[in-house]
Amino acid sequence: MPAFRVHVQAQVSAAEVPPLTPAPAPARRPPASGITVAEALGLPCLAGARLVAGGRGADRVIRVANIMEVPDIVRWMRGGELLLTTAYALRDDEEALTALVPSLAGRGLAGLGVKIGPYLPRLPDPLLRAADELGFPVLELPGEVMFNDVLAEVIGTVLNRRALTLERTQEVHERLATAALRDGSYQELTRALAELADCPAAVLGPDGTLLAGAGGPPQDCAPTAERAIGVQGAGVAAGRVALWCAQPPTEGQLAALEHAATLAAMVAAQERAVAGRERRYRALLLTELVSGRPQDPAETARRATAMGWELDVPRAAVLVELSASASAPPSERPAEERLLPFVRAVVGPRAIGWGVPSGLALLVEPGGALRDVCRAVFDAVSTALPAARVRVGAGGVQADFADLHLSYREAQAALALGRELYGGTFVCEHRDLGVYRLLDQLPARELRRLVEEALGPLIAYDSAHEGSLVHSLGVYLARDRNGVEAAERLHIHYNTLRYRLKQIERLTGGFDRDPMTRLQTELAVHAHRLLAARARV
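First, a word on what this report is: a plain description of the structure on this page. The structure displayed is predicted, hence computed values, not measured ones. Numbering of residues starts from 1 in every chain and runs along the sequence as written. Only residues with pLDDT of at least 70 get local features here, since the model is predicted, and only at 80 or more are side-chain atom pairs given and counted; chain-wide, interface and lining totals rely on the full set of residues. Note: side-chain values were computed over all heavy atoms of the structure, leaving out hydrogens and water.

### Some thoughts on the overall build of the protein chain
Part 1: Numbering of helices and strands starts at the N terminus; helices are DSSP runs of H or I of at least 4 residues and strands are runs of E of at least 2. The helix and strand tally for the protein chain stands at 17 helices and 16 strands.
Part 2: In this scheme, a residue with accessible area under 20% of its type's maximum is buried, one over 50% is exposed, and one in between is partly exposed, where area comes from a 1.4 Å probe on protein chains only. Taking all 537 residues of the protein chain together, the buried fraction comes to 46%.
Part 3: The criterion used for residue contact is that any of the two residues' heavy atoms lie within 4.5 Å. For the protein chain, long-range pairs separated by at least 24 residues make up 68% of all intrachain contacts whose partners lie at least 6 apart in sequence.
Part 4: Counting only carbon and sulfur atoms, one obtains 53% of the accessible surface of the protein chain, whose full area is about 27300 Å². For every accessible area listed, the method is Shrake-Rupley and the probe measures 1.4 Å; residues are considered covered only by the protein chains on display.

### Describing the pairing of strand S9 (residues 210-214)
Part 1: With four bridges connecting them, strand S8 (residues 201-204) and S9 associate as antiparallel partners. Along S9, the bridge assignment pairs Ala201 with Ala214.
Part 2: Note on pairing: two strands pair once DSSP finds at least 2 bridges between them. Between S8 and the antiparallel strand that follows it, S9, lie five residues; Gly208 among them carries a positive phi value of about 90°.

### A few points about the sheet that holds strand S2 (residues 50-53)
Part 1: The sheet built from five strands is open, its strands ordered S2-S7-S6-S5-S4 with mixed pairing. Each of the sheet's edge strands pairs with one partner strand only, and the pair in question is S2 and strand S4 (64-68). Between one strand axis and the next, the sheet turns by 30° as a mean value, whatever way the strands run.
Part 2: One ladder, built from four bridges, connects strand S5 (residues 81-85) with strand S6 (residues 111-115); its direction is parallel. Counted as the bridge partner of Leu84 is Gly113 from S6.
Part 3: In the packing of helix H4 (residues 125-134) onto the sheet, the strands contacted are S2 and strand S7 (138-141), and the crossing angle to S2 comes to about 90°. Lines are fitted to the C-alpha atoms to define the axes, a helix being fitted only along its stretch in contact, and any angle between axes, read from their N-to-C directions, falls within 0 to 180 degrees.

### Comments concerning the environment of Phe136
Part 1: By secondary structure assignment, the location of Phe136 is in the loop between H4 and S7.
Part 2: The class for Phe136 is buried, based on a relative accessible area of 0%.
Part 3: Separated by 30 residues in sequence, Phe136 and Gly106 place their C-alpha atoms 9.8 Å apart.
Part 4: Ignoring sequence-local partners within four residues, the contact set of Phe136 consists of Ala53, Gly54, Arg60, Val101, Leu104, Ala105, Leu109, Ala110, Gly111, Leu112 and Ala131.

### Points about the side chain of Thr517
Part 1: Examined against the element boundaries, Thr517 turns out to sit in helix H17 (residues 515-536).
Part 2: Thr517 gets classed as buried once you look at its relative accessible area, which sits at 13%.
Part 3: Not counting chain neighbours up to four residues away, the residues in contact with Thr517 comprise Gly510 and Phe511.

### Side note on the layout of surface pockets
Part 1: Here a cavity denotes grid points, spaced 1 Å and computed from the protein atoms alone, that fit a 1.4 Å probe unable to get out, and a pocket denotes an open set having protein on both sides within 12 Å along at least 5 of 7 lines; residues with an atom within 4 Å of a point are the lining. Grid points are joined across faces, edges and corners, and a volume is the space filled by probe spheres set on the points. What the second largest pocket holds in volume is close to 450 Å³.
Part 2: Around the second largest pocket, the lining is made up of 20 residues, and of these Glu420, His471, Gly474, Val475 and Arg529 lie nearest the centre.
Part 3: Secondary-structure elements contributing two or more residues to the lining of the second largest pocket are helix H11 (404-422), helix H14 (469-478), helix H15 (483-490) and H17.
Part 4: Here the lining of the second largest pocket takes six residues from H14, the largest share from any one element.
Part 5: Polar here means any residue other than Ala, Val, Leu, Ile, Met, Phe, Trp, Tyr, Cys and Pro, which are nonpolar, and Asp, Glu, Lys and Arg, which are charged; Gly is therefore polar. Class assignment of the residues belonging to the lining of the second largest pocket gives a composition of eight nonpolar, six polar and six charged.

### Brief notes about the pattern of salt bridges
Part 1: Counted as salt bridges are all cases of a side-chain nitrogen of Lys or Arg within 4 Å of a carboxyl oxygen of Asp or Glu. In this structure the tally under the stated criterion is 20 salt bridges.
Part 2: Of the charged contacts, one joins Arg293 and Asp400 as a salt bridge, the two residues approaching to 4.0 Å between their closest N and O atoms. Of the two residues, Arg293 is situated in the loop between helix H7 (251-291) and helix H8 (297-306) and Asp400 in the loop between strand S15 (390-394) and H11; the sequence distance between them amounts to 107 residues.
Part 3: A salt bridge links Arg371 to Glu429, with the shortest nitrogen-to-oxygen separation between them at 3.6 Å. Of the two residues, Arg371 sits in helix H10 (residues 370-384) while Glu429 sits in strand S16 (residues 426-429), which places them 58 residues apart along the sequence.
Part 4: With a relative accessible area of 3%, Glu429 lands in the buried category.
Part 5: One salt-bridge network, held together by shared partners, links Glu310, Arg315, Arg350 and Glu365.

These figures capture arrangement, not role.
What follows is the structure, encoded as structure tokens:
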């Protein structure tokens, strides 16, 4: 006991010589490692002591013991003390002695032990009644009890329990850490937590879905205790670790839950890091596949196999474009995470999909009909985002994965031209583009030359007068030179269209004067659209 007696003397000195600045009154602390008042009464040092009032508070936790020898001791208390006194300072003031009880209870003390003897032959009845009303334990100590013995034994018991608690906490942490690091999964962690807490345990996702469980966590019952899984830099919790205890959770169960939540955050952070690396690696490989012919096809195939992709089957590129209104708020998941589960249900598990700024990109196995796959993708995304404007463009099927960049470029062209030709929502395959497929094979300089030769004067006029002669001509030709239908499509009067056609005749020298001129003019109108679409890709 000598080590404890040194601590005891320091406690007594602090009581006799108050510090310069009083400690503020703290809120009552939750139970910590210590002993309850009821347990303290069983110690040898308190043999003969009786709990004479405040029995409802017998479960209050004692963290330390102290001695009162001055009347204003209350303001120096921090909570959790078992305060011992002979009541010498208040022996002649029954009212002040009684008022001590609510003051000590308000400070969060564990209890008051009063030695009955020559200074205070008996405890006043008002004091006992006040203690009973507040549930504040008051102990009557026999005259032979030595305060130093009580201080040493109570403090020694508390320290021993704290040491055991720390040892147990370390064991729990090591057990959970070993389980979490064994395979880096939530399942091992929850299995260890359920065994340590001796009750069902689970890891729940942010939306409450069961990610891992052990011990049979009930689905129709709220957890008894839970802790959030916080991942640094994630912005939102990655989920929760939960326990279903038959009784209110013990300190040990709560400690295990805290450790499990910390380790679950580590697992979540690792999963995010791995997923991030995988996404970057996958994006790099996909960029190689769709941006050009691989320099080393064998190496590309090896890396794709490591990603679980099968490239030895015919595939086609399919692009899904979402309107700006369908963009997710910053707090929501990106389009890839939100939409791929819906799309995979219709394109199959072997389809390769990833997010692009405008929506989704897919490399699909078309099977019998690519159009059916595209329509199914359109319907799936439209169902998932009913308020969105969805466009789907597809390239041709390529048997050799080294040519997938061609299909991807065709899908981009199908989207770009689809906007020009169809407007709002559409499903467009590159093969549906007719003459545009032919024009798309020409270099841009040849297309610009064709446009300049046939439409140059009209483009110059539109630019100088904010006109729409080129557009009017395109609509007129698309309606098979039917002026009435073209005027309705342009939402203008028929005479206005006639005036515009006369201007076009005058500026071009007659776009309908012979078959070759007519063909060249129509091709030039389509080439103009193609160049405009390419500029927006």
